[in-house]
Amino acid sequence: PTSPARVQECLIQTFTQMGTNAAAAVPALLQGMNSKSPWIRANAVTALGSVALNQPDTVIPDLLKVFTKPNANAPQSSGGQGRWPWRPNRADRRNNPFFNDFNADTRASVADALATFGAEAEAAIPLLVLAGQSTNATLRAHVAMAMQKIAPETPYALEPLIKNLTDKNVQIRRQALQILESLGTNAVKALPVLTEKCLHDPDPEVRQQAMSCIQKI
């Protein structure tokens with residue numbers, strides 16, 4: 001027999017494909033963010049970005065809870081400066097099981113979901129800026145793409161991508177260049193790194209992409 005968890009997984013996939021036609025499923029998807037299954041929790045986030053486009057006031061606060069500790073405005077390091085990521089304590093995990101899989105992939109899914117709401121998700125900007133400082137290059141890329149949808153004029157919107165231009169992983173560098181090239185003149189702040197670093201990259205494909213990116217900018 002099919003397990004209840006498998007049924008939930010299939011329903012979430014169906015809701016995601018239906019988009020706003022599945023708007024009645026939003027309460028169930030919000031409940032899914034508290035599931036014991038890491039898969040269900042993470043994919044409920046993704047589904048909300050597709051299903052709840054017409055319900056930003058209902059969904060965005062719940063998505064932001066993934067980025068914030070209970071009763072805190074923003075993650076803080078012991079030195080009092082904003083730092084990302086922070087480690088949830090036992091009380092956080094007990095109060096919200098979503099913290100049990102609080103990792104870069106989950107945060108990237110939330111960034112993608114927030115991006116679908118565009119400027120309506122402006123409350124997420126300070127937290128996305130913090131997330132853009134993550135040591136995880138993939139998360140930085142998702143955050144940068146979300147910032148371009150939510151608030152492209154924000155001074156830090158390109159910082160995660162610019163940082164990825166010098167990442168040790170060549171695939172990350174190539175990905176950053178592809179995204180920056182698609183932004184055209186909006187990526188002008190990346191020019192110094194493109195000309196000083198990327199044009200001299202040890203990877204020939206990166207050098208070629210950098211030249212194309214500079215021409216588009």
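Residues numbered from 1 in each chain as written. Predicted model: local features only at pLDDT ≥ 70, side-chain atom pairs only at ≥ 80, totals over all residues. Heavy atoms only, no water.

Explain the overall build of the chain residue by residue, including any values.
What the chain contains, in helices and strands, is 12 helices and 0 strands. Secondary structure elements of the chain, listed N to C terminal, follow the sequence α-α-α-α-α-α-α-α-α-α-α-α. Considering the chain as a whole, with its 217 residues, one finds that 50% of them fall into the buried category. A sequence separation of at least 24 residues applies to 62% of the contacts in the chain between residues at least 6 apart. Of the roughly 11300 Å² of accessible surface on the chain, 51% is carried by carbon and sulfur atoms. (Helix = DSSP H or I, 4+ residues; strand = E, 2+ residues; numbered from the N terminus. Buried < 20%, exposed > 50% of the residue type's maximum accessible area, 1.4 Å probe, protein only. Contact = heavy atoms within 4.5 Å. Areas by Shrake-Rupley, 256 points an atom, 1.4 Å probe, with all protein chains shown as cover.)

So what's going on with helix α10 (residues 170–183)? Residues and values would help.
The end-to-end C-alpha distance of α10, which contains 14 residues, comes to 20 Å, matching closely the 20 Å that a straight helix rising 1.5 Å per residue would cover. Lining the buried residues of α10 we find α8 (137–150), α9 (159–164), α11 (191–196) and α12 (204–216). The backbone nitrogen of Q171 has a side-chain oxygen 2.8 Å away, supplied by the residue at the start of α10, namely N169. Just past α10, the residue G184 takes up positive phi, approximately 60°. (Expected span 1.5 Å × (residues − 1). Polar contact = N/O pair within 3.5 Å; in protein donor to acceptor, adjacent residues only side chain to side chain.)

Quick one: what's the story with helix α6 (residues 104–115), residue by residue and with numbers?
When the terminal C-alpha atoms of α6 are compared, their 16 Å separation across 12 residues agrees well with the 16 Å that a helix rising 1.5 Å per residue should span. Here α6 lies mainly inside the structure; 10 of its 12 residues are buried. Along α6, the positions that sit buried rather than exposed are A104, T106, R107, A108, S109, V110, A111, A113, L114 and A115. On its buried side, α6 packs onto α3 (38–51), α4 (56–65), α7 (125–131) and α8.

Give a description of the nonpolar core that names residues and reports values.
In terms of nonpolar packing, the biggest core is built from 42 residues, with L48, L63, L114, L128 and I150 touching the most fellow members. Those elements that place two or more of their residues in this core are α1 (4–18), α2 (26–32), α3, α4, α6, α7 and α8. Of all the elements, α6 adds the most residues to this core, at 7 residues. Every residue in contact with L63, bar those within four places of it in the chain, is listed here: V45, L48, V110, A113, L114 and F117. Core analysis: the next-biggest nonpolar cluster, separate from the first, contains 20 residues, L158, L177, I179 and A190 among them. (Core = buried A, V, L, I, M, F, W, Y, C linked by side-chain atoms within 4.5 Å.)

Account for the pattern of salt bridges, naming residues and giving values.
Applying the stated criterion across every chain, the model contains 7 salt bridges. Between D167 and R140 there is a salt bridge; the shortest N-O distance is 3.4 Å. Of this pair, D167 sits in the loop between α9 and α10 while R140 sits in helix α8, and the two are 27 residues apart along the sequence. Classification of D167 by relative accessible area gives buried; the value is 17%. You can call R140 buried: its relative accessible area is 3%. (Salt bridge = Lys/Arg side-chain N within 4 Å of Asp/Glu carboxyl O.)

Help me get a handle on the environment of T166, residues and values and all.
Residue placement: T166 occurs in the loop between α9 and α10. The spacing of T166 and L194 is 28 residues in sequence and 9.6 Å in space, taken between C-alpha atoms. With near-sequence residues (within four places) excluded, T166 lies in contact with R173, V193 and K197. Among the polar contacts listed, one links the side chain of T166 to the backbone oxygen of K163, at a separation of 3.2 Å.

Describe the side chain of D203, naming the residues involved and giving the relevant values.
Note on placement: D203 falls in the loop between α11 and α12. Exposure remark for D203: the relative accessible area of 15% places this residue in the buried category. From its side chain, D203 meets the backbone nitrogen of E205 in a polar contact 3.2 Å long. When neighbours within four sequence positions are excluded, D203 is seen to be in contact with V170, R173 and R174.

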